Amino acid sequence: MKLIILLAIITSSYVLQASCKPWFLRCFMSHRYEIQMINQLPQNSDQLKLHCASKDNDLGLHNLTTTQVFKWHFCSNSWNTLFFCHLWWGPTHSKVFDVFNGLLVDKCNTGYCIWIAKEDGIYFTNDLTSGKTTLTYPWGT
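So, how was this worked out
- Residues numbered from 1 in each chain as written.
- Predicted model: local features only at pLDDT ≥ 70, side-chain atom pairs only at ≥ 80, totals over all residues.
- Heavy atoms only, no water.
- Helix = DSSP H or I, 4+ residues; strand = E, 2+ residues; numbered from the N terminus.
- Contact = heavy atoms within 4.5 Å.
- Areas by Shrake-Rupley, 256 points an atom, 1.4 Å probe, with all protein chains shown as cover.
- Patch = residues over 30% accessible without salt bridge, like charges linked within 9 Å, V, L, I, M, F, W, Y side chains within 5 Å.
- Salt bridge = Lys/Arg side-chain N within 4 Å of Asp/Glu carboxyl O.
- Pairing = 2+ DSSP bridges.
- Axes fitted to C-alpha atoms, helices over the stretch in contact; angles between N-to-C directions.
- Phe/Tyr/Trp six-rings, centres within 6.5 Å; stacked < 30°, edge-to-face > 60°.
- Buried < 20%, exposed > 50% of the residue type's maximum accessible area, 1.4 Å probe, protein only.
- Lys NZ or Arg CZ within 6 Å of the ring centre and 35° of its normal.

> Before we go on, may I ask you to explain the overall build of the protein chain in this structure?
From N to C terminus, the protein chain includes one helix and nine strands. For the protein chain, the succession of helices and strands along the chain, N to C, is α-β-β-β-β-β-β-β-β-β. In the protein chain, the share of contacts with a sequence separation of at least 24, taken over all contacts with a separation of at least 6, comes to 53%. Approximately 8,900 Å² of the protein chain is accessible, and the part contributed by carbon and sulfur atoms is 58%.

As structure tokens, then:
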């Protein structure tokens, strides 16, 4: 009985400490990922509208001006984590796609999944310092 009480005290102490730690220390036995959505559409064009969500988290509707960034982070240790976004630019450009899923884990091996909206479509990189981006999703209607 004393062992059970001791384990309960240790466990509750760890949970309390974990909730007080900064976000980068909370990914115990999992990986931390950051998703960035960047508006690199032409100056003086319509704002980029985006709505991102997962099964458990609705991140809301956001309007980004040119060069503005929307980002969030999460911890994942499974292949079933999924975040998707719906992007709109003006009256004729729209795209829905997964910004993170089990298949993108290898592409996001730096811990970053960076999506950039440009005039011809949505580009991907995992490292903004390299300058290398890949057109992944042309705009659809």
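And the narrative resumes.
> Would you mind going over a nonpolar patch on the surface with me for this structure?
Residues L82, F84 and V96 make up a contiguous nonpolar surface patch of roughly 230 Å² in combined accessible area. Turning to its location among the elements, V96 is positioned in strand β6 (residues 93–100).

> Teacher, can you tell me more about the sheet that holds strand β4 (residues 69–76) here?
Pairing between the strands of a sheet comes from backbone hydrogen bonds, and it takes one of two forms, parallel or antiparallel. Spatially, the five strands line up as an open sheet ordered β4-β1-β7-β8-β9, and their pairing is mixed. Every other strand in the sheet has two partners, leaving β4 and β9 (134–138) as the edge strands with one partner each. Along the sheet, successive strands turn relative to each other by an average axial angle of 20°, direction set aside. Note that strand β7 (residues 112–118) and strand β8 (residues 121–125) share five bridges and pair antiparallel. Along β8, the bridge assignment pairs I116 with Y123.

> Is there a simple way to think about the packing of aromatic side chains in this case?
Each pair of aromatic rings is reported with the distance of its centres and the angle of its planes. Applying the stated rule across the entire model yields eleven aromatic pairs. Relative to F83, the ring of W72 lies with its centre 5.6 Å away and its plane at 55°, an arrangement referred to as tilted. Of this pair, W72 sits in strand β4 while F83 sits in strand β5 (residues 83–89), and the two are eleven residues apart along the sequence. A relative accessible area of 9% places W72 in the buried class. Aromatic side chains F74 and F100 sit 5.0 Å apart centroid to centroid with 75° between the ring planes, which places their arrangement in the edge-to-face category. Of this pair, F74 sits in strand β4 while F100 is found in strand β6, placing the two residues 26 residues apart along the sequence. The exposure classification of F74 matches that of F100, with both residues buried. The structure contains a cluster of three or more aromatic residues connected by ring pairs, namely Y33, F70, W72, F74, F83 and F100. If you follow K107 out to its NZ or CZ, it ends over the ring of F124, 4.9 Å from the centre.

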